[in-house]
Amino acid sequence: MPKDLPADPGPYRDFTLRNRGYIDPGGQEKIRATRVLVAGCGLGSTIAESLLRSGFVHLTLVDHDTVAAHNMNRQAYGRGDVGRRKVDALRDRLLAIFPEAEIAAVARRVSAENAATLVGNADLVMDTIDFLSLPDLIALHDAARKAQTPLLSCLSAGWGAVGFYFPPDGPCTARSLFGLPSTGSVDGASYTERFAGLMRALAGQLNPAIVGVMAEALRVMEDGTPCPASQVAAGGAAVAALAATLAVRVVSGRPVAAAPRLHLVDLDRLVETGTFTLGDATA
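Only a predicted model underlies this, so the values are computations on that prediction, with no experimental measurement involved.

Undergrad: Let's hear about the overall build of the chain: which residues, and what values?
TA: Counting its regular elements, the chain contains 12 helices and seven strands. Across the 283 residues that make up the chain, the buried fraction comes to 47%. Of the contacts formed within the chain by residues at least 6 apart in sequence, a portion of 64% connects residues at least 24 apart. When the accessible surface of the chain is summed, it comes to about 14,000 Å², and 53% of that surface belongs to carbon and sulfur atoms.

Undergrad: So what's going on with the packing of helix α2 (residues 25-33) against helix α10 (residues 233-252)? Which residues, and what values?
TA: Their axes nearest at 9 Å, the elements α2 and α10 cross at an angle of 105°. When the axes of α2 and α10 are compared, the pair comes out roughly perpendicular. The residues of α10 that touch α2, namely those facing Gly 27, Lys 30 and Ile 31, are Val 248, Val 251 and Ser 252. The residue makeup of the contact of α2 with α10, split by class, is three nonpolar, two polar and one charged.

Undergrad: For the side chain of Asp 127, give the residues involved together with the corresponding values.
TA: With respect to the helices, strands and loops of the structure, Asp 127 is situated in strand β4 (residues 124-127). One buried charged residue, Asp 127, remains without a salt bridge, the closest side chain of opposite sign being Arg 109 at 11 Å. Polar contacts involving the side chain of Asp 127 include one to the side chain of His 141, which spans 2.9 Å. Ignoring sequence-local partners within four residues, the contact set of Asp 127 consists of Ala 39, Leu 137, Leu 140, His 141, Leu 151, Leu 152, Ser 153 and Cys 154.

Definitions and limits used
- Per chain, residue numbering runs from 1 following the sequence as it is written.
- A pLDDT threshold of at least 70 governs which residues receive local features in this predicted model, and a stricter bar of 80 or more applies before side-chain atom pairs are shown or counted, although totals over entire chains, interfaces and linings include all residues.
- Neither water nor hydrogens contribute to the side-chain values; these are computed over all heavy atoms in the structure.
- Helix and strand definitions here come from DSSP, where helices need a minimum of 4 consecutive H or I residues and strands a minimum of 2 consecutive E residues; each element is numbered from the N-terminal end.
- When accessible area is computed with a 1.4 Å probe and restricted to protein chains, residues below 20% of their type maximum are described as buried, those above 50% as exposed, and intermediate ones as partly exposed.
- Residue contacts are defined here by distance: any two heavy atoms, one from each residue, within 4.5 Å place the two residues in contact.
- We get accessible surface area from the Shrake-Rupley algorithm with a probe of 1.4 Å; when it comes to residues, only the shown protein chains can shield them.
- Here an axis means a line fitted to C-alpha atoms, over the contact stretch when the element is a helix, while the angle between two N-to-C directions is reported on a 0 to 180 degree scale.
- Angles are sorted into four bins: roughly parallel if under 35 degrees, roughly antiparallel if over 145, roughly perpendicular if 65 to 115, and oblique for all others.
- Ten residues, namely Ala, Val, Leu, Ile, Met, Phe, Trp, Tyr, Cys and Pro, are considered nonpolar, four, namely Asp, Glu, Lys and Arg, are considered charged, and the remaining ones, Gly among them, are considered polar.
- Here Asp and Glu are counted as negative and Lys and Arg as positive; His is not counted, and neither are the chain ends.
- Any Lys or Arg side-chain nitrogen found within 4 Å of a carboxyl oxygen on Asp or Glu counts as a salt bridge.
- Nitrogen and oxygen atoms within 3.5 Å of one another constitute a polar contact, given that in protein one can donate a hydrogen and the other can accept it, and given that sequence-neighbouring residues count only through two side-chain atoms.

Set out below in structure tokens:
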């Protein structure tokens, strides 16, 4: 038996055994003890599963929505889940993977009324919410900052993903990213208008197809229609991979670039251009 493993195998040790070499024992124990709030269980479902498989076993799932057939192409649900509350279906899926996990399911929308309570029971916040209500989104970020709780915000971007890390005392906040006042009410502010501004700032770094899809989605959302943006399975998987990598590094105390710097994964561009030739690698 390797010297860095406990003598008692136990379900958690067996579950995380193959993380060894990438996550050191001390980091794995920190991950094991960390309580994570997963706010939004659409693409948050793939993130929650990746977090669990990384060893995060204390998860609170928050979402008010139900599973729909059009979720199947990129979220962690099966056809038998259609019509069920997302938090219930996701909790069952996660417990099927690791029954010893502690999974709380909160079938509510994150709001200004409950954000502080939800964040107060977490050591790390994962924001993956599709929001039409900008005040509610800002309430989540405000609550995390007030509680000095690190927050990760991740979203799919075509065949890839984008992620932001907001440390408790970081210089950048969701308010500053969206061009909002540093304090006070944001009632009346348009989510689509503010998000469009963020997309314009990112446009030079994104695949043109992503910019086009999001522009059309934002146009439709102007009248209050829920987010209709197209998403693909690779993007969902990329979000899960990026979010879990960021979470592991944050909890383990390893360096992570903080907002306004962003983390961009573009698999479509990567497979088109490659990174290096085998000759370069072996020279």
